[in-house]
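Take a look at the letters that make up each chain.
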Amino acid sequence: MQPTLLVMAAGMGSRYGGLKQIDAVGPNGEAIIDYSIHDALRASFGRLVFVIRRDIEAPFREAIGGKFEKRIAVDYVFQELDKLPSGFTVPPGRAKPWGTTQAILMAEDAVREPFAAINADDFYGRESFQVMGDFLRAGGSDCAMIGYTLRNTLSEHGSVSRGVCECDTAGFLKAVVELTKIEKLDRGAKAEDRALSGDELVSMNFWGFTPALFPQLREHFTGFLRRSGQELKSESYIPTTVNDLVASGEARVKVLRTPASWFGITYKEDKPQVVDSIRKLVADGKYPPKLWA
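Quick summary incoming for the structure in this document. In this text, all values refer to a predicted model and were calculated from it rather than measured experimentally.

Quick word on the overall build of the protein
Scanning the protein for helices and strands turns up seven helices and 13 strands. On C-alpha atoms alone, the protein measures out to a radius of gyration of 18 Å, which is about the 19 Å that the 2.2 N^0.38 rule sets for 293 residues. Each of the three principal axes of the protein carries a C-alpha extent, and together these read 55 × 50 × 40 Å. By the burial criterion, 54% of the 293 residues in the protein qualify as buried. Within the protein, residue pairs in contact and separated by at least 24 positions form 75% of the contacts whose partners lie at least 6 positions apart. Accessible area for the protein stands at about 13,700 Å²; split by element, carbon and sulfur atoms hold 48% of it.

This is the structure:
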């Protein structure tokens, strides 16, 4: 069975100041998501499901979705504030999305096969899609997460936050521990007062699931709403939900190592570095100068 790629693209882009999901970074106007989908097609993913908002549907379909509809099956689902379980309402004044747990949950009626979930504005690398695709096609009930080597995710321009993975001897996830203010050093890195080798495995939100996850997400998202549903800025993040599922024994997550480097756009100042990184990959023959002939 060919797995599905679920692309979370409903983020508001408030820090970036625009619709960064479709911002051009490639030599022929390609967005970061173009490279992810190119890599997914090479890794034999068979379907795309985009999680977007209604208000960006038209520009997103024109700039992104329309390019792929003749190459692969494409579906859209919508993450909206008022798409909540029965008995819950949006508190007055809330504008912030509910987070990535809800984003993935929105695809429950659209996905019937094993699937990978990624962010639209992160570059994950060809090797990562191949490793994940192989895992999902093999079947089984376990979840998966792509584990990046920390040094391959650090910025030259300031500190970052990363989820450092704690794994057992069989390579299954025990916990993702969020570290903040990680700075790159000549040797290794540091997170405030904690020394890091740079070899640590970190999560960059590239997950592999089966449809059995959806009832678990629904239960955990409902619990989040009971606790925090009247707050204006609280969000339910998928790493936190997965951590809870692992801790309770409801899920096992295999950490799949990748040699790829990760990069992404959070602020406008990040864009030149992303453009330069892609230019180097094209020059090295990893990608054609024009992705979609």
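After presenting the structure, the write-up continues.
Some details on the nonpolar core
Leu 5 and Phe 50 are the most contacted members of the largest nonpolar core, which has 58 residues in total. With five residues, helix α1 (residues 32-42) is the single largest residue contributor to this core. Apart from the residues within four sequence positions on either side, Leu 5 is in contact with Ile 37, Ala 40, Phe 45, Arg 47, Leu 48, Val 49, Ala 116, Ile 118 and Phe 129. Counting 37 residues, the second largest nonpolar core, distinct from the first, contains Ala 103, Trp 207, Leu 217 and Val 253.

Overview of helix α2 (residues 57-68)
Because the α-helix completes a turn every 3.6 residues, residues three or four places apart line up on one side. Within α2, the full set of buried residues consists of Glu 57, Phe 60, Ile 64, Gly 65 and Phe 68. Buried residues along α2 cover an arc of 95 degrees about the axis, so they all sit on one side. In α2, the exposed positions that point more than 90 degrees away from the buried face belong to Ala 58 and Glu 62. Elements that come into contact with the buried residues of α2 comprise α1, β2 (47-52) and β3 (73-78).

Some details on the environment of Ala 103
When you line up the elements, Ala 103 lands in helix α3 (residues 100-105). In contact with Ala 103, other than residues within four places in its own chain, are Met 8, Val 51 and Gln 79.

Points about the side chain of Ser 128
Tracing the sequence through the fold places Ser 128 in helix α4 (residues 126-137). Accessibility expressed as a relative area gives 0% for Ser 128, which makes it buried.

Description of unusual backbone geometry
Glycine aside, the phi torsion of most residues is negative, and most peptide linkages are trans. Phi at Lys 181 takes a positive value of approximately 55 degrees, unusual for a residue other than glycine. In this structure, Lys 181 sits in strand β8 (residues 173-184). A relative accessible area of 51% places Lys 181 in the exposed class.

Thresholds, definitions, all that
- Each residue is numbered by its place in its chain's sequence as written, counting from 1.
- Residues qualify for local features only when their pLDDT is at least 70, as the model is predicted, and side-chain atom pairs are given and counted only at 80 or more; totals for whole chains, interfaces and linings, by contrast, use all residues.
- Values shown for side chains rest on all heavy atoms present in the structure; no hydrogens or waters enter the calculation.
- Helix numbering and strand numbering both begin at the N terminus, where a helix is a DSSP run of H or I of at least 4 residues and a strand a DSSP run of E of at least 2.
- Each radius of gyration is computed over the set of C-alpha atoms, and the globule rule expresses the reference value as 2.2 Å times the number of residues to the power 0.38.
- Throughout, exposure labels follow a simple rule: accessible area from a 1.4 Å probe, protein chains only, divided by the maximum for the residue type, with under 20% read as buried, over 50% as exposed, and the rest as partly exposed.
- Residue contacts are counted whenever heavy atoms from the two residues lie within 4.5 Å of one another.
- Only the protein chains shown count as cover for residues, and all accessible areas are computed by the Shrake-Rupley method using a 1.4 Å probe.
- Among buried residues, the Ala, Val, Leu, Ile, Met, Phe, Trp, Tyr and Cys ones that are joined through side-chain atoms within 4.5 Å form a nonpolar core.
- As used here, the arc belongs to the directions running from the helix axis to the C-beta atoms.

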